[in-house]
Amino acid sequence: MNLDPPTMPSLSSSELHFFQREGYLIPPRPLFPEPKFHALRQHFEEKLARLPEEISPESMDTPHFTDPGLFEWLFADEVLDLVEPIIGPDIALFSSHFIAKPPGTGRRVPWHEDSAYWQKLMQPHDVITVWLAIDPSTRANGCMKVIPRTHSGAGGFSEYEPVDHDTNIFGARIKPHQLDESKAVYLELQPNECSLHHAKLMHASDPNTSNIRRCGYTMRYMSTRVKLNEEYCGAFHQIYLARGRDHAGNRYADPTKSYPELARYRESNGPRGGH
C-alpha cells in the first residue's frame, strides 16, 4: 500500500491570499512523502550525534555549507513549489538552520524580525522561511508564535533592546511597546508539517520546559531579483541558485561542494560576520 500523501497543488489561491495578508501560513498537509521525511530526520539525528559538546544543538546554523547532502531536501520540488507562488519561479536558497531545543533547557527565542538581522545583507528584504517540524512543535515545548500582519508596509526594522543571552538564543528583542503580544498566534506542528513566514513578520518562541525535544529545520528562500551585498557578506555568507535564473547579478555557490572555511569563519566571528 502506498502511504505517501497524494500530489497536491503547491498553494491554493486562498492559501496564497492568507499568506500575503497575514504574513504566515500553515499548509494543512505533510511537506514530504514519508520516506523522504524520515531520511531527513535520520540525517539530522546523525549530525546531532556528531556535534561537539561545546556547540549548542540550538545553533546548527547554515549546515548546508559543509553538508551538500542537505540539498536533496533544500532543492526539493515539494519545498520550492511552496515558495514559488509567493516569490516567483526564479529562486535562491538564502540560508538554512536546524534549531533543536533540548527538553527542559531549551532557551527562549525573543521577539524579533528576521529582516532586522539582515539589514546589510540584501535589498529588498523579501525572504520566505519554510519552518519544517522534525519533532512535534507545540505550546508545551516552545513552538513558534507570530503576530499576524506585522510584515506589511515599511516594517522589519523595529527598535531592539538587550536581553539575557543565557536564557535567550538571541541577545536582543523588539522593545515591548512596539508589539501587541495579545495578538500572538501559536504555530503548532506535527513532524513533517511546516509553516511559512515572511522575513519582516514579528515572531518568537517560548523556552522548552517540557520533556520533549523541539527541533525544526528552517529553509529560507528569496527571489533572484533580490540583490545580495557581497562586499558586506562575502567572507561569511553565500547563496545558491535553487530554480530558474538570476536577475540581480548575484554569484551562487556550488551545491555539490563543501565550504569548511566559511563555516570556520562563522564559528569564529558569528553568523553575521561579527555584526
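Keep in mind that this is a model prediction, so the values were computed, not measured.

A.B. asks: In this structure, what is going on with the overall build of the chain? I would like to understand it.
C.D. replies: Regarding its fold elements, the chain presents 7 helices and 15 strands. Its C-alpha atoms give the chain a radius of gyration of 18 Å, within 12% of the compact-globule value 19 Å for 275 residues. Each principal axis of the C-alpha atoms in the chain carries an extent, and together these give about 50 × 45 × 40 Å. Scored against the burial criterion, the 275 residues of the chain give a buried share of 50%.

A.B. asks: It is not clear to me how the nonpolar core should be interpreted in this structure. Could you clarify?
C.D. replies: Most often, soluble globular proteins have nonpolar side chains that are buried together. Ranked by size, the top nonpolar core spans 39 residues in total, and within it Leu-31, Phe-32, Leu-40, Val-130, Leu-132, Met-219 and Tyr-221 carry the most contacts. Contributions of two or more residues to this core are made by helix H2 (34–50), helix H3 (71–74), helix H4 (77–87), strand S3 (91–101), strand S6 (127–133), strand S11 (194–198), strand S13 (214–223) and strand S15 (240–243). Looking at this core, the element that brings in the most residues is H4, giving 5 residues. Core analysis: the next-biggest nonpolar cluster, separate from the first, contains 15 residues, Ala-92, Phe-94, Trp-118 and Val-127 among them.

A.B. asks: Would you mind going over unusual backbone geometry with me for this structure?
C.D. replies: A negative phi holds for most residues other than glycine; trans holds for most peptide bonds. In this model, Gln-123 is joined to Pro-124 through a cis peptide bond whose omega is -10°. Position of Pro-124 relative to the elements: it lies in the loop between strand S5 (122–123) and S6. Backbone geometry places Thr-62, a non-glycine residue, at a positive phi of 45°. Of note, Thr-62 is situated in the loop between strand S2 (60–61) and H3. Residue classification places Thr-62 among the buried residues on the basis of a relative accessible area of 5%. In this structure, Arg-149 is a non-glycine residue whose phi angle is positive, near 70°.

A.B. asks: Just checking my understanding: could you explain the sheet that holds strand S4 (residues 109–112) for this structure?
C.D. replies: Strand pairing in a sheet relies on backbone hydrogen bonds. The paired strands run either parallel or antiparallel. The antiparallel open sheet is built from 4 strands, whose spatial order is S4-S12-S7-S10. Each edge of the open sheet is held by one strand with a lone partner, namely S4 and strand S10 (185–186). Bridge count for strand S7 (residues 144–146) against S10 is 2 bridges, and the pairing is antiparallel. Counterpart to Lys-145 in the pairing with S10 is Tyr-186.

A.B. asks: When you look at H2 in this model, what are you seeing that I'm missing?
C.D. replies: Working note: α-helix, 3.6 residues per turn, so residues spaced by three or four point in the same direction. Its 17 residues place the ends of H2 25 Å apart at the C-alpha level, agreeing with the 24 Å of an ideal helix rising 1.5 Å per residue. The inward-facing, buried residues of H2 abut S2, H3, S3, S6 and S13.

What counts and what doesn't
- Residues numbered from 1 in each chain as written.
- Predicted model: local features only at pLDDT ≥ 70, side-chain atom pairs only at ≥ 80, totals over all residues.
- Heavy atoms only, no water.
- Helix = DSSP H or I, 4+ residues; strand = E, 2+ residues; numbered from the N terminus.
- Rg over C-alpha atoms; globule rule 2.2 N^0.38 Å.
- Buried < 20%, exposed > 50% of the residue type's maximum accessible area, 1.4 Å probe, protein only.
- Core = buried A, V, L, I, M, F, W, Y, C linked by side-chain atoms within 4.5 Å.
- Pairing = 2+ DSSP bridges.
- Expected span 1.5 Å × (residues − 1).
- Contact = heavy atoms within 4.5 Å.

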